[in-house]
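Chain residues, written in single-letter form:
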Amino acid sequence: MGSSQEVLGQAARLASSGLLLQVLFRLITFVLNAFILRFLSKEIVGIVNVRLTLLYSTTIFLAREAFRRACLSGGAQRDWSQTLNLLWLTVPLGVFWSLLLGWVWLRLLEVPDPNVVPYYGAGVVLFGLSAVLELLGEPFWVLAQAHMFVKLKVLAESLSVILRSALTASLVLWLPHWGLYIFSLAQLFYTTVLVLCYVIYLIKLLRSPESVKQLTLPVSKITQLLPSITRSRAFVNWEEAKLTWSFFKQSFLKQILTEGERYVMTFLNVLNFGDQGVYDIVNNLGSLVARLIFQPIEESFYIFFAKVLEREKDATHQKQEDIAVAAAVLESLLKLALLTGLTITVFGFAYSQLALDIYGGAMLSSGSGPVLMRSYCLYVLLLAINGVTECFTFAAMSKEEVDRYNFTMLALSSSFLVLSYLLTSWCGSVGFILANCFNMGIRITQSLYFIHHYFQRSPHRPLAGLHLSPVLLGAFVLSGGITSVSEAFLCCEQGWPARLAHIAVGTICLGVTLGTAFFTETKLIHFLRTQLGRSRLNDKMT
């Protein structure tokens, strides 16, 4: 394993490259999805984005999340054949979950009216099949992530999403009577392209002897990526298998927290299919920044912390050079997450209705849409902080601490389901976001406690990243007040000249706020300059 500075450079390179590429590809997908919404009913959107997507995501999450976390945490001296054998177990596990959940979706849940949403049964079968198909690429994905193949993950996922959106738009325009067949075929196409990207890349890499990256791989031919049985060693590394089981218990609970509102909507019928569709569109639009910015950072720096830190040891027993770098990185990431989340919350409040109207028309900008979007802006702030804190926490926890954390997740899962049902019954779909905010706050508190205890006996205080200067806080408050007044007078019924004026006011306020941050948060600016500058230099050299 390289030095902590080298690993940090790799993680920053992966994150920054991911950000730039994902912004480009997501913008293309954003336009395609906005086009698709003009041709769909709320009911079909609800079935696809809530019911069928929940089937797919639950199967995928339960089958692979624990394996990913366990297999990405190992050291450089591992036996990769055992790790790959363990990863291939995700396929039969995915088949099991796909069959079980498919039966539940077809037999136990409410079936939509076939005149409104045709071909529901075929949709369930094909979405479950797409989940199993995606798991075939899991060993390739983990190998690529563990060796930090820059841009491969982002290119593969972004290309798959764009092609899926393009196929969906074409079928919706030309064959609208196909109903759920449209989205099922597009989902199968998405997973096929995604898996092929990883397989083709690694095949070409292994067949290219002059490739520098090939020298870093633990395999020399593609057949070594397949399951293998030998008498000289166990089929899997049992320590990795035990850690996988610990993460599996945690993943099961985390999935309930992550997709909790969809489970409540699906199993308790608190909203009709149309309201589910509107909520999910707002939810996806609101989480766009989280997927563009927070997720690449969380995934990349989880790998960094997992490689630099040794489990079972606190800060005083780590290599001091490594722990100093880890603490400095964590502090800067917390500051970046806080500033990004605050910016989205403050400016999103005044521009939610305008964004929804531009994106989906009156179907989204009227009714509960703007209130949902404003509530989600607050949730994004909590998502940003939680992503960074849990990124470090899960990389540094010992197996025993992971097991103890599972009990906390169990309590959170139970409270979330109850709270979601109660709040939704009281205040409609906004209740889901409020329940998410409550549970996210509890998870942040747990992670902050772990981080504080972890660094307590060391000279490092990374939680200082959550402190902002009074001047910068004042700039946020002033910007929030000015943009709120601007929305009241200029948006959104006075036509496009008034709307453009409202956008201009927000642009000026955003510029002032970012300028204030530039001059007050010098440590963060230095971190971004050094790491992103190093990332650009490495990109030019590869």
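The preceding data block contains the structure.
Residues numbered from 1 in each chain as written. Predicted model: local features only at pLDDT ≥ 70, side-chain atom pairs only at ≥ 80, totals over all residues. Heavy atoms only, no water.

Draft legend 1. Local environment of the pattern of salt bridges. Under the definition given, this model contains 11 salt bridges. Residues Glu 138 and Arg 68 are paired through a salt bridge, measuring 2.6 Å at the closest nitrogen-oxygen approach. Pair noted here: Glu 138 is in helix H6 (residues 138–146) and Arg 68 is in helix H2 (residues 42–72), with a separation of 70 residues, a long-range link. Each member of the pair Glu 138 and Arg 68 is classed as buried. Here Lys 523 and Glu 331 are joined by a salt bridge, their closest N and O atoms 3.3 Å apart. Within this pair, whereas Lys 523 is found in helix H20 (residues 522–541), its partner Glu 331 is found in helix H13 (residues 320–360), the two being separated by 192 residues in sequence. Through salt bridges with shared partners, a single network forms among Arg 64, Arg 68, Glu 134 and Glu 138. (Salt bridge = Lys/Arg side-chain N within 4 Å of Asp/Glu carboxyl O. Helix = DSSP H or I, 4+ residues; strand = E, 2+ residues; numbered from the N terminus. Buried < 20%, exposed > 50% of the residue type's maximum accessible area, 1.4 Å probe, protein only.)

Draft legend 2. Geometry of unusual backbone geometry. Its identity as a non-glycine residue notwithstanding, Tyr 119 has a phi of 65°, on the positive side. Of note, Tyr 119 is situated in the loop between helix H4 (90–107) and helix H5 (120–135).

Draft legend 3. Main features of the nonpolar core. One finds Trp 105, Phe 305, Leu 309, Phe 392, Tyr 454 and Phe 455 to be the most contacted residues of the largest nonpolar core, which totals 147 residues. The residues contacting Phe 392, other than those within four sequence positions of it, are Phe 305, Leu 309, Leu 330, Phe 450, Ile 451, Tyr 454 and Phe 455. (Core = buried A, V, L, I, M, F, W, Y, C linked by side-chain atoms within 4.5 Å. Contact = heavy atoms within 4.5 Å.)

Draft legend 4. Geometry of H5. For H5, built from 16 residues, the straight-helix expectation of 22 Å at 1.5 Å per residue is met to within 8% by its first-to-last C-alpha distance of 23 Å. Within H5, burial applies to Tyr 120, Gly 123, Val 124, Leu 126, Phe 127, Gly 128, Ser 130, Ala 131, Val 132, Glu 134 and Leu 135. Among the structural elements, H2, H4, H6 and helix H8 (180–206) are those in contact with the buried residues of H5. (Expected span 1.5 Å × (residues − 1).)

Draft legend 5. Region of interest: the packing of H2 against H6. Packing of H2 against H6 leaves a shortest axis separation of 10 Å and a crossing angle of 35°. Classified by chirality, the crossing of H6 by H2 is right-handed. From H2, Arg 64, Arg 68, Cys 71 and Leu 72 reach across to H6, where they touch Glu 138, Trp 141, Val 142, Gln 145 and Ala 146. (Axes fitted to C-alpha atoms, helices over the stretch in contact; angles between N-to-C directions. Left-handed = near helix turned anticlockwise from the far one by under 90°.)

Draft legend 6. Summary view of the packing of aromatic side chains. In total, this model carries 16 aromatic pairs according to the counting rule given. Between the aromatic rings of Phe 96 and Trp 97, the centroid separation amounts to 5.3 Å while the plane-to-plane angle is 65°, which identifies the pairing as edge-to-face. Overall, Phe 96 belongs to the partly exposed group, its relative accessible area being 46%. Measuring from centroid to centroid gives 5.5 Å for Trp 245 and Phe 248, while their planes differ by 15°, and the two rings are stacked. Here Trp 245 and its partner Phe 248 are both found in helix H9 (residues 238–258), 3 residues apart, which amounts to about one turn of the helix. Over the ring of Tyr 302 we find Arg 69; its NZ or CZ atom is 5.1 Å from the centre of that ring. Taking the ring centre of Tyr 190 as reference, the NZ or CZ of Arg 164 above it sits at 4.3 Å. (Phe/Tyr/Trp six-rings, centres within 6.5 Å; stacked < 30°, edge-to-face > 60°. Lys NZ or Arg CZ within 6 Å of the ring centre and 35° of its normal.)

Draft legend 7. Structural view of a nonpolar patch on the surface. Taken together, the side chains of Phe 267, Leu 268, Val 418, Tyr 421 and Leu 422 present a nonpolar region at the surface, about 480 Å² in accessible area. Only helix H10 (260–268) and helix H16 (399–427) provide two or more residues apiece to the nonpolar patch. Top element by residues in the nonpolar patch is H16. It accounts for 3 residues. Looking at where Phe 267 falls in the secondary structure, it is placed in helix H10. (Patch = residues over 30% accessible without salt bridge, like charges linked within 9 Å, V, L, I, M, F, W, Y side chains within 5 Å. Areas by Shrake-Rupley, 256 points an atom, 1.4 Å probe, with all protein chains shown as cover.)

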